[in-house]
Structures are given as C-alpha cells and as structure tokens.
Amino acid sequence: HANGAIAPAHGVGVLLIGGSGAGKTTLGLSLIQAGWHYVSDDTVMLHGYDTGLVNAYAFRQGFSCTAQTASYWPKLVEKTDTGIALNRGKGWLDIQSLYPKSFVSVCQPRLLLFLRRIEQSCSRLISLDVTQTFTAMLDQPHAGILLERTKVGSLMTCYQTLVRQARGFYFDAGQDVLDR
C-alpha cells in the first residue's frame, strides 16, 4: 500500500507508505501540484534485481480519491468521477488531463515515508534506522508476507534490499499538510 513519487530537482524516488486513510493520496496530490512526478496511487509493485537494487513500478496511472480530498483543490473536483464505484467511497481522478507530463512508470526508491495522521497542527519527520525501517515495512496492513508461502523468502529479500537502499522515516502528517 504505497504511492510512488519522484522529486523533480534531483530525481530521488520516494515511497509514501501507509494503510487506507493514512494520507498517501492527499500528500501525493500535493506533491504533483508542486511539480513532482508520480509513479502510482495506492499500489506499487516492487522488483528486486541481482544488482542489489529495488525498483517500484506503477500498478496504475490514475488516482482515486474521496470527494473530501478532491475538495482541497477545486480544479480536482471537476476531474473526479464519483460515478465510478471504487472502494471506500472514492472516485476516479483523471490526473493525467491536469498534469499530462507528471506520470512515470518506475522509480528507484531512496526515501521511504511511513505516513501516520496526527491530530496536531504541525507535521513531523522521525528518522528510522534500518531495523526500524524493516519493522515498519512488515507492520503495513498489506505487506504481502502471508499471501504465498513459496514467495515469502524472495519478498523478505526484496524488503531487506529496499531498506538498505532507502532511508526510512515516519511522517506524522498534521493539519499543515492540508493547509499548505
């Protein structure tokens, strides 16, 4: 359960990781409007290589968001199709029509942000060491570990490689994410 993004200035890949309602879409849309590129909303596919690197690939091009999320940016409201039934009351957002050059199909994550919503005015960033980052990966509701017993070993190797190539942080998202 992650969004992928790429910083425009230096091309650093970022994964915004969190369960439903953590703020992945809200933060992802904020980044796109600030000039970032996006890889995918809600779902990325990870692939580890023999070179010791992991890439995150787009699972889909568009975004899905609630009417409330779209309302933070008036130009998104008219591009959100609430007639398409998606999970948790979300509608399909035609982000490509607004930001036609913002989609990229792959990134190499160098930053992992584990999103948590907090009831405070200011957001905060908490640095994680490799062990804490790995534990945060495994704590995710859709970490994929229990899906197929035959794949557990390769998935664990992929996660280990990912947390070695990327720095991990908890991003406690406060009200300032929506206000600014």
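The model shown is predicted, which means the values in this text are computed figures rather than measured ones. (Residues numbered from 1 in each chain as written. Predicted model: local features only at pLDDT ≥ 70, side-chain atom pairs only at ≥ 80, totals over all residues. Heavy atoms only, no water.)

1. Observations regarding the confidence of the model for the protein
In step 1: Residues at a pLDDT of 70 or more form 92% of the protein, whose mean pLDDT is 85.
In step 2: Within the protein, no element has a lower average pLDDT than strand β7 (residues 80–81), which sits at 70, and none a higher one than strand β11 (residues 124–128), at 97. (pLDDT = per-residue confidence, 0-100. Helix = DSSP H or I, 4+ residues; strand = E, 2+ residues; numbered from the N terminus.)

2. Some words on helix α1 (residues 24–33)
In step 1: Counting buried residues along α1, eight of its ten residues qualify, which places the element largely inside the surrounding structure.
In step 2: When we look at burial in α1, the residues that qualify are Lys-24, Thr-25, Thr-26, Leu-27, Gly-28, Leu-29, Leu-31 and Ile-32. (Buried < 20%, exposed > 50% of the residue type's maximum accessible area, 1.4 Å probe, protein only.)

3. Observations regarding the sheet that holds strand β2 (residues 13–17)
In step 1: Strands sit in the order β3-β1-β2-β10-β12-β11 across an open sheet of six strands; the sheet is mixed. Edge positions in the sheet fall to β3 (37–40) and β11, since each of these pairs with one other strand and no more. Between one strand axis and the next, the sheet turns through 25 degrees on average, direction left out of account.
In step 2: In terms of strand pairing, β11 meets strand β12 (residues 167–173) through five bridges, oriented antiparallel. In the sheet register, Arg-124 faces β12, and the bridge partner there is Asp-172.
In step 3: In the packing of helix α6 (residues 152–165) onto the sheet, the strands contacted are β2, β10 (109–117) and β12, and the crossing angle to β10 comes to about 95 degrees. (Pairing = 2+ DSSP bridges. Axes fitted to C-alpha atoms, helices over the stretch in contact; angles between N-to-C directions. Contact = heavy atoms within 4.5 Å.)

4. What about the packing of aromatic side chains?
In this description, a pair of aromatic rings is defined by centroid distance and the angle of the planes.
In step 1: With the rule as written, the count across this model stands at four aromatic pairs.
In step 2: Seen in terms of ring centroids, Phe-114 and Tyr-170 are 6.3 Å apart; in terms of plane orientation they differ by 65 degrees. Their pairing is edge-to-face. Of this pair, Phe-114 sits in strand β10 while Tyr-170 is found in strand β12, placing the two residues 56 residues apart along the sequence.
In step 3: Judged by relative accessible area, which is 21%, Tyr-170 ranks as partly exposed.
In step 4: Through successive ring pairs, a cluster of aromatic residues spans Tyr-38, Phe-63 and Phe-103.
In step 5: The aromatic ring of Tyr-170 is capped on one face by Arg-116, whose charged end is 3.8 Å from the ring centroid. (Phe/Tyr/Trp six-rings, centres within 6.5 Å; stacked < 30°, edge-to-face > 60°. Lys NZ or Arg CZ within 6 Å of the ring centre and 35° of its normal.)

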